[in-house]
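Understanding the architecture of this molecule
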Amino acid sequence: MAAVLTGLMRDTEASAGLVYLLIPGDRMLRLVLLSGLSREIAAPWVRIPADAPIPVADAIRDRRLVWLSGLQDIAHRYPRIGIVLPYDFMLAAVPIADDTTVWGGVVLLWPVSHAPELDAREHETLDAHCRLSARLLRRAADQDPPPPHPTEPFVVHPERPSEADPALAAAALDLAERLPVGCCALDLDGRITFINTAAAELVNAGAAALLGKRPWEALPWLNDPAFEDRYRAAAVTRRPTSFTVVRRPATSLLFELYPDATGISVLIIPKTDGPPPHDGPPGPQDGPVPYEGSAPGPATDPGAAPVPASGTAPESGSGPGAGSGPDAAAVPGSAGAPASAASAAASASVSVPARPNRAEPVGAAVYQLMHLAASLAEAAGVRDVVDLVADQIVPAFGPEGLVLMSVDEGRLRVIGHRGYSDEFIEHFDGKPLTAPVADAQVLSTGVPVFFPTYEDLRRAHPHAPRYEGRNAWAFLPLIASGRPVGSLVLSYGRPRPFPSAERALLTSLAGLIAQALDRARLYDANRSLARSLQNVLLPHHLTPLPDLDVAARYLPAGHGMDIGGDFYDLVRATPTSVVAVIGDVQGHNTTAAALMGQVRTAVHAHATAGASPGGILARTNRLLDDLDADRFTSCLIAEFDLAQHRLRLASAGHPPPLLRRADGSAEVLEVPPGLLLGIATDVTYDTMELPWDPGSVLALYTDGLVEAPGLDIGTAMADLAERLGVSRAADLDGLADELTLHVRDAAHRTDDVALLLVRRPL
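Throughout this description, residue numbers start from 1 for each chain and increase along the sequence as written. Note on the predicted model: pLDDT of at least 70 is required for a residue's local features to be given, and 80 or more for side-chain atom pairs to be given and counted; whole-chain, interface and lining totals, by contrast, use all residues. Side-chain measures were taken over the full set of non-hydrogen atoms in the model, leaving aside hydrogen atoms and water.

**Re the sheet that holds strand 18 (residues 472-480)**
Strand order in the open sheet formed by six strands is 16-15-14-19-18-17, and the pairing between neighbours is antiparallel. Each end of this open sheet is capped by a strand with a single partner; those strands are strand 16 (431-432) and strand 17 (449-451). Two strands qualify as a pair provided DSSP detects at least 2 bridges between them. Secondary structure elements are taken from DSSP: a helix is a run of H or I of four residues or more, a strand is a run of E of two residues or more, and numbering for both begins at the N terminus. With seven bridges connecting them, strand 14 (residues 401-408) and strand 15 (residues 411-418) associate as antiparallel partners. Its bridge partner being in strand 15, leucine 404 is matched across the sheet by glycine 416. Residue contacts are defined here by distance: any two heavy atoms, one from each residue, within 4.5 Å place the two residues in contact. Between N-to-C directions, angles span 0 to 180 degrees; the directions come from axes that are lines fitted to C-alpha atoms, helices contributing only their stretch in contact. Against the sheet, helix 16 (residues 438-445) touches strand 14, strand 15, strand 16, strand 17, strand 18 and strand 19 (483-492), its axis set at about 40° to strand 18.

Okay, structure coming up:
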């Protein structure tokens, strides 16, 4: 698979590639191969729910190519990605599938210098490589036992030419040492792999101390999210970018970044006088281009006092800018792409305290926090929140274990965990809030507690159990609107100092989770109430009839309270007649459901009184007028005369029924469309009549089955009739499943769906 990905990137000239596999029985996509990007950049998408609004998930679910032509397209269609990667690049996602199985998907990235669309050759290359990957995965699945899925993504390094000539390597080293400017090389993880003497002197650090380190982690005065943002921009877009660091009283430094498939080359150029240039891409021909919009004011004066960035200034010795060394101010810039939130926050000068302090790298975590915030905003129920927290915090924030607990009747209940055995977790489930344990105590105080080492935990809680050599813990209270809603416990395999910036970040994380969990609990409570009401109003089962076969399906809308006004029923009107009804009350709330119950009751009463289909609709319409209902209702009545074998139909603005005959032909029945119920008082409804032959199937449905954005409803009804005609389902239940298959995915179902099938046996 690694060789296939490398070949695919080579043949399509893609800058980055990611391969995802579906985890059987888990409804999750797992990142298994990664090339051209660092693990940190890909961390928010290591595990993806199969129904998430992410390009690769959509490609797999719909078995189609997803193409994004740039930043605006990404921000419009997938805002969650646009928040975390606010850079200009192109993306394609395609499924890995054969005739019977979807195995996963591939994601490729290109710079915006790529053509606006994929050409025919690229389409063919993608298709060929995905089919090859599917064959390899099929072969692996057929092994006994099949190989396990990797738990961590494997990084595939790009192809390099054969070993360089030692003489050429020595000459290149001599050239770099003779340069009057600093230069260094970063790998795709941002770590320094080479730095010349001039660069080491300019940054005032020894080369040996910098090798293998990220600049913003090794140099405290570079420890600002804005600097890491420029590295991320270069790595993702494959376009040159730059930023200026104004160091006082030392010389200002211009950093120019030149990325390719193997890493990033960095030039470090001293600026001794004049205003710092604005940040942007170095010119393609004549070196740095004239910079527009240079930062005015104090940042241009080496002798001026530091000016803090907009927002709350960090306390001395804390915050992302804390560190040792001379004061520095950043003027970050972008190579043609809008700056991220981190860049915008640092667009003014950023003051750095002169007092030595421990560097606190938080840049990557800021992006993870932004991604988690965007994801939690889309979470509906408690299970959604639990899955997001468990699947994203562990890979993104580095803990080896996580326990999420919710307050329930004075006790802490475990609602999700990762990195622990179920047996170990059972000891914590149900602890009272008054228990002398850290996860309960933080709720009473509202203050998070951090234990950098096991000794620290043991001093505070001598009897606290320890799981498999964990050595550091963070206990975070989840407080929403001043009320405790739960607690979050993170554990780490190594001692961890928890510097102030990380503590602030984890505290912010807990606040986001608390708000999402509080909303999710309210959503679940409302949904439970709605479903209970829906179950009362809809028939629990359809009464078996000797002369008719029946089957029904009801699928609630995928969003909101999962309740609406769609309804159906089957009424034994007389000993020789049966009335089927289907309808749709306007709206998706308890009001619509209550009105639906009244309409269904009225139809039942008028049907058993012997009214014709048109008469049932007319009488029900008068009832709605008497009730002064402010909602309209569509309704279709079908009466089956079992003695004369006739079918009578009347409609109040409802989608027309479908009829399949015994020979397999199917059509849309043109029932005279009457006014919706509830529009006018004195309305008559025409009744049409046709034969009810042996083997015939009548399909009644609501508009949720045939309506979709951008789809002509007439075409959709014709397609539904065609699927009804060609189906070879053995029974009506199988036929109902086939006809509703395309709306089974709740995440993309925006309306309720009701389907009622009635067949006269042969």
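That covers the picture; the talk isn't over yet.
**Structural notes on the packing of aromatic side chains**
Ring geometry is summarised as follows: Phe, Tyr and Trp rings, the Trp one being its six-membered ring, pair when their centres sit within 6.5 Å, and such pairs are stacked at plane angles under 30 degrees, edge-to-face over 60 and tilted between the two. Per the counting criterion, the structure on display carries 13 aromatic pairs. Judged by centre distance (4.8 Å) and plane angle (55°), the rings of phenylalanine 424 and tyrosine 467 are tilted. Placement of phenylalanine 424 in helix 15 (residues 422-426) and of tyrosine 467 in the loop between helix 17 (454-460) and strand 18 is noted, with a sequence separation of 43 residues between them. Burial here depends on accessible area, computed with a 1.4 Å probe over protein chains only, as a share of the maximum for the residue type. Under 20% is buried, over 50% is exposed, and the range in between is partly exposed. Overall, tyrosine 467 belongs to the buried group, its relative accessible area being 13%. Each member of the aromatic cluster is reached from another via a ring pair, and the members are Tyr420, Phe424, Phe428 and Tyr467. Put simply, a charge is over a ring when the Lys NZ or the Arg CZ is close to the ring centre, within 6 Å, and near the line of the ring normal, within 35 degrees. Seen from the ring of tyrosine 454, arginine 466 lies directly overhead, with NZ or CZ sitting 4.0 Å from the centre.

**Considerations on the environment of leucine 433**
Here leucine 433 lies in the loop between strand 16 and helix 16. Residue leucine 433 is classed as partly exposed on the basis of its relative accessible area, which comes to 28%. Distance in space between the C-alpha atoms of leucine 433 and leucine 443 is 7.7 Å, their sequence separation being 10 residues. Once you skip the residues sitting within four places of it in the chain, leucine 433 turns out to touch Val407, Gly410, Arg411, Leu412, Ala440 and Leu443.

**Comments concerning the pairing of strand 18**
Each regular strand displays side chains that alternate between the two surfaces of the sheet. Counting buried positions along strand 18 gives eight out of nine residues, so the element sits mostly inside the fold. As judged from the three bridges shared by strand 17 and strand 18, these two strands associate in the antiparallel manner. Looking at strand 18, one finds that phenylalanine 450 is bridged to alanine 474. Note: strand 18 against strand 19, nine bridges, orientation antiparallel. Bridge pairing links phenylalanine 475 to valine 489 in strand 19.

**Structural notes on helix 22 (residues 732-739)**
Among all positions of helix 22, only Leu732, Leu735, Ala736 and Leu739 are buried. Along the axis of helix 22, the buried residues cluster in a sector spanning 100°; they form a single face. The inward-facing, buried residues of helix 22 abut strand 20 (549-555), strand 28 (697-701), helix 21 (713-726) and strand 29 (753-759). The N-terminus of helix 22 is capped by aspartate 731, whose side-chain oxygen sits 3.4 Å from the backbone nitrogen of aspartate 733. Along the arc lie the directions from the helix axis toward the C-beta atoms. Here a polar contact means two N or O atoms within 3.5 Å. Within protein one must be a hydrogen donor candidate and the other an acceptor candidate, and residues neighboring in sequence count only if both atoms are side-chain atoms.

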